[in-house]
Every structure is written in C-alpha cells, then in structure tokens.
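# Report on the structure
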Amino acid sequence: MRVIRKYANRRLYDTQQSRYVTLEDLRRLILDEEPFRVEDAKSGEDLTRTILLSIIIEQEQADGEAEVFSNDLLAQFIRVYDMAQPLPLARYLEQGTQLMLEQQKRMQDQWQQAMRHSPMELMREMAEENMRFWQQAIGQGQPGKPESKEKKASQEKKGKDDGKTS
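Parameters and conventions
- Residues numbered from 1 in each chain as written.
- Predicted model: local features only at pLDDT ≥ 70, side-chain atom pairs only at ≥ 80, totals over all residues.
- Heavy atoms only, no water.
- Helix = DSSP H or I, 4+ residues; strand = E, 2+ residues; numbered from the N terminus.
- Buried < 20%, exposed > 50% of the residue type's maximum accessible area, 1.4 Å probe, protein only.
- Contact = heavy atoms within 4.5 Å.
- Axes fitted to C-alpha atoms, helices over the stretch in contact; angles between N-to-C directions.
- Parallel < 35°, antiparallel > 145°, perpendicular 65-115°, else oblique.
- Nonpolar A, V, L, I, M, F, W, Y, C, P; charged D, E, K, R; others polar.
- Pairing = 2+ DSSP bridges.
- Phe/Tyr/Trp six-rings, centres within 6.5 Å; stacked < 30°, edge-to-face > 60°.
- Lys NZ or Arg CZ within 6 Å of the ring centre and 35° of its normal.

### A word on the overall build of the protein
For the protein, the helix and strand inventory stands at 6 helices and 4 strands. If you list the helices and strands of the protein from N to C, you get β-β-β-α-β-α-α-α-α-α. Sorting the 166 residues of the protein into buried and exposed places 14% on the buried side. Sequence separation of 24 or more characterises 34% of the internal contacts of the protein that already satisfy a separation of 6 or more.

Next up, the structure:
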C-alpha cells in the first residue's frame, strides 16, 4: 500500500515516488484503484478519511453542475450523526454506491456493444472482409504467391486431360 505523509505545512508527500503530490494526484490514484494511506508525518496518525473528504469537497466546489451532495442531503447526514442510535448509514451507502457503479459500468458496456454493431460499423467490417477476400484471391494468381490446393489439383488434372487427348 502506498504511504502518503502529510506534513504540518499541509503538503502531501508520496513516499513511493519520493515527491510531493496534490489532492488531484490522490484523486487519480483513487480512480486507478490504487490503495494508499495518508498519515501524519510526526505522529503516524491515519488521516486518509480526512483527505478523502477533502477530495470530495474540492470536487463539489470545482464544478457546480456535478454536485453529488445537495444541501438537503448534507443536512440529513448531520441529523443522522445526532441520532441516539445512528443508522448503519456507511454500510448502506457503500453497498448502494457499489451497486450503482456496477450498473453504470454494465450500461456503458452494453452501449458500447450496441454502438459496435451500428450500421456504419457493420458496413466497415464487411468492407474489411471484402478487402481481405479480394487480396487473397488476387494474391493467389500472382507469381511467387502460394496457390490453393484446389487450384493446383485442378491444374494437374487439366494437364493430365490435355496429355490424353494429344
């Protein structure tokens, strides 16, 4: 697991690559599904969760149209923390999000599969097959190119037939 150290000056240092990184660099690690742990450089305390929340906040603020957490949803989360017996919300959200991501991936795969078999793609594939066929057909009649067994047999038979008639 990659270790990222957070220093007092708020800088993040990737110990594997020996360089300072940004929250955007860590976001890319997440998208690449590369596990990492962020720890305080002095105490060794695990700060991964805090950094992940910072990445979410940065994304929420970066693009107003890509908001995931509405004000109402955030207010509901705060109410959950104040409950006497908090709901097992984390597990529910993890499972629901995982299901949603799997369904999204399946939909994208199906869409790509459908697009692969579009009329234009089908025409392109047929044109390529025709090209290969004609290249092979034309190539067999040229000197230095191997001829098919059927053509050789046909020529040998023709030669024998020609020899019988003379």
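Still to come is the rest of the account.
### Things to note about the side chain of E39
Mapped onto the elements of the fold, E39 is located in strand 4 (residues 36-40). The exposure class assigned to E39 is buried, which follows from its relative accessible area of 13%. Ignoring any residue separated from it by four or fewer positions in sequence, one finds E39 in contact with V3, I4, R5, K6, G44, E45 and L47.

### Re the packing of helix 1 (residues 23-31) against helix 2 (residues 48-62)
Where helix 1 meets helix 2, the closest approach of the two axes is 10 Å, and the angle between their N-to-C directions is 100°. Taken together, the axis directions place helix 1 and helix 2 in an arrangement best described as roughly perpendicular. Residue-level inspection shows L23, E24, L26, R27 and I30 of helix 1 in contact with helix 2, the latter providing I51, L52, S54, I55, E58 and Q59. Among the residues making up the contact of helix 1 with helix 2, the classes are represented as 6 nonpolar, 2 polar and 3 charged.

### Side note on unusual backbone geometry
We note that R10 has phi near 75°; this positive angle belongs to a residue other than glycine. Phi is positive for S18, close to 55°, though the residue is something other than glycine. Structurally, S18 is set in the loop between strand 2 (12-14) and strand 3 (19-21).

### Describing the pairing of strand 1 (residues 2-6)
As paired strands, strand 1 and strand 4 are joined by 5 bridges and run parallel to one another. Pairing of I4 across the sheet is with V38, part of strand 4.

### Focus: the packing of aromatic side chains
Tallied over the entire structure, the rule returns 4 aromatic pairs. Both rings, one in Y7 and one in Y13, keep their centres 6.5 Å apart while their planes meet at 75°; by these two values the pair is edge-to-face. In this structure, R11 packs its charged tip against the face of Y20, placed 3.8 Å from the ring centre.

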